[in-house]
Amino acid sequence: MIWAKEEILSRKEIEDIQIARLIETVKRVYEKVPYYRNKMDAAKVKPEDIKSLSDLKKLPFTTKQDLRDTYPFGLFAVPESELVRIHASSGTTGKPTVVGYTKRDLKIWTECVSRVAVMGGATKNDVAQICFGYGMFTGALGLHYGLENIGAAIVPSSTGNSEKQIMFMKDFNTTLLVATPSYALRLAEVAASMGVDVKKDLKVKIGLLGSELLTDAMRTEMHKLWGEDMLVTSNYGMSELMGPGVSGECSYLDGMHINEDFFIPEIINSETGENLKEGETGELVISCIYKEGLPLLRYRTKDITSLNYAPCKCGRTTVRMANLQGRTDDMLKIRGVNVFPSQIEEIVLGINEIGPHYEIIVTRQDHSDKLEIKVELIKHTDNFNEITEIEKKIKNKLRVVLGLDAKITLVSPNTLQRFEGKAKRVKDLRNGI
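Quantities reported herein were computed from a predicted structural model and do not represent experimental measurements. (Residues numbered from 1 in each chain as written. Predicted model: local features only at pLDDT ≥ 70, side-chain atom pairs only at ≥ 80, totals over all residues. Heavy atoms only, no water.)

Q: Describe the sheet that holds strand β8 (residues 243–249), and please don't skip the residues or the numbers.
A: Judged by pairing direction, the sheet is mixed, and its 9 strands sit side by side in the order β4-β3-β5-β6-β7-β8-β9-β14-β13 without closing on themselves. Single-partner strands in this sheet number two, and they are β4 (153–155) and β13 (307–308). As paired elements, β13 and strand β14 (residues 320–321) share 2 bridges and run antiparallel to each other. Bridge assignment links Leu307 to a residue of β14, and that residue is Met321. Relative to β8, helix α4 (residues 103–119) is tilted by about 30°, and along the sheet it contacts β6 (206–209), β7 (231–238), β8 and β9 (256–258). Its contacts with the sheet place helix α6 (residues 162–172) against β3 (127–130), β4 and β5 (176–179), and it is angled at close to 175° to β3. (Pairing = 2+ DSSP bridges. Helix = DSSP H or I, 4+ residues; strand = E, 2+ residues; numbered from the N terminus. Contact = heavy atoms within 4.5 Å. Axes fitted to C-alpha atoms, helices over the stretch in contact; angles between N-to-C directions.)

Q: Can you break down the packing of aromatic side chains residue by residue, with the values?
A: Applying the stated criterion across every chain yields a total of 5 aromatic pairs. With a centroid separation of 5.3 Å and an interplanar angle of 75°, the aromatic rings of Phe73 and Phe76 are classed as edge-to-face. In this structure Phe76 comes out as buried when scored by relative accessible area, which is 6%. With centroids separated by 4.6 Å and ring planes inclined at 5°, the aromatic side chains of Tyr101 and Trp109 adopt a geometry described as stacked. Assigned by exposure class, Tyr101 and Trp109 land together as buried. Directly above the ring of Phe61 sits Arg300, whose terminal nitrogen or CZ lies 5.2 Å from the centroid. Over the aromatic face of Tyr358 sits the side chain of Arg425, whose NZ or CZ is 4.8 Å from the ring centroid. (Phe/Tyr/Trp six-rings, centres within 6.5 Å; stacked < 30°, edge-to-face > 60°. Buried < 20%, exposed > 50% of the residue type's maximum accessible area, 1.4 Å probe, protein only. Lys NZ or Arg CZ within 6 Å of the ring centre and 35° of its normal.)

Q: Outline the sheet that holds strand β12 (residues 299–305), listing residues and values.
A: The antiparallel open sheet is built from 4 strands, whose spatial order is β10-β11-β12-β15. The open sheet terminates on both sides in strands that have one partner only, identified here as β10 (263–268) and β15 (326–327). Judged from the 2 bridges that link them, β12 and β15 form a sheet pairing that is antiparallel. Within the sheet, the bridge partner assigned to Asp303 lies in β15 and is Arg327.

What follows is the structure, encoded as C-alpha cells:
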C-alpha cells in the first residue's frame, strides 16, 4: 500500500516541487534567521543565487554545533509565539539541541511518519505498541501520531517494565512493535523468561524499528527470536530534521525511501565536503525544505550511506538511502585501521554460539591500541576446548574482515547490559574518553 501520491511522482515532478520549496526556504531563512544570513554572506551567496537543485551546493553546511551555538531558539525562523511543540536532546555532551514545531510542522510530521509506517507494513487494523520513551525524545510522539493517523490503535507503553510490556502484547493482541532493535531483542528474552513463546503466544507480525542502526545481522537475530514471518523494517530520522519520518524501508527491504517533497538528500565526502555521485558512499546531508519552525539547510547528519534513484519494485519513485553503515563520529581508529562498530556486530552476530549482546572496549597500553570484545554465550559452558574454539572463530573472522587482532572475552548468558533506548556498546577508554 502507498499512502500518498507524492511517493510515486516522476523524477521531474519531484524536482519541480523541491526547487520551488528550496528557493522559498532559502529566501525565508535569509530574511528571518540572522545566523543563517551571516553564514550565507560569509559564503558570498544570496537567495537569488539559488535557481536550481545544482545550486544547493553553494549554500554553507549546518551542523549540530550551530544549533548549540544558537541555543535555544537562534536558528528558528518563526517567533516563539508560533511554536506549539518543543523537543530537545539530552545534552549529555554539552548544550542540548532544541527543535520546535508550528501547527503546520506537526501536520507535515504526522504525514511523513504515516507514509513511513505504511511503507513498513502498518495498516489501520494494527494494534501498535510504542516502546520508545515518551518525553523530549521525538521518536515516541512522532510514531504515535503517524500511526494513529492511519487508523492504528496505539498502546503508548513507553520503555521499561518489560514484563508488563509482554503482558500488554498478549492481552491487547499487539500486532506491531515500535522499538529500538536492542530493546526488541530484550523483550523477546524477557518473554522467554516468563514462559511466553513470542512466536506462538503473541500476535506481533511487524517490527517498525528505529532510533538505532539495524544491521543485517541484527535483523537476522530478530527473525530468530520473533519468527521468520515477522516483517522487520528500519526507519530513519533525527530530531534536528523533524524526528522519525525522514525515510523508511518498504517490504522489499532495498533501502529507505526518503520523503523527497520535504527533504533533499546529498552525499558528501565527510573530509572534503565535496558532493559524491549516485551510489557512492559518504556522509548524508539533508535540507529541510518545508519546515516553518526550524528549516535547516544542508544539515550534516554524520550518518554514512549512499543513494539510489532507481524506482523501487514497490512502485515508489522516491530516492532510497542504503541501510546505514555507521556514523562518522562512531568510527574508531585502532592501530591505524578505521573500524565501525557495525562491522564488529556483523561478525559477532554471525557466530551461532553467540547471542546478540556484545561490548567493545578500546584501551591504550604501551603506546599501542588494544581492542577487547566481550560477547555473551547463548548457553553456559565450562568446556575449555569449546570456549577456545569459539574465541578462535571470532578472532579469525575479525582478522579477515578488519585486519585486526582482538582479545575475545566470553561471558555467561544474561551478563552484559541490556538497553531500553539506544544501545551504548562502545567504551573508548583511550586518553580517559
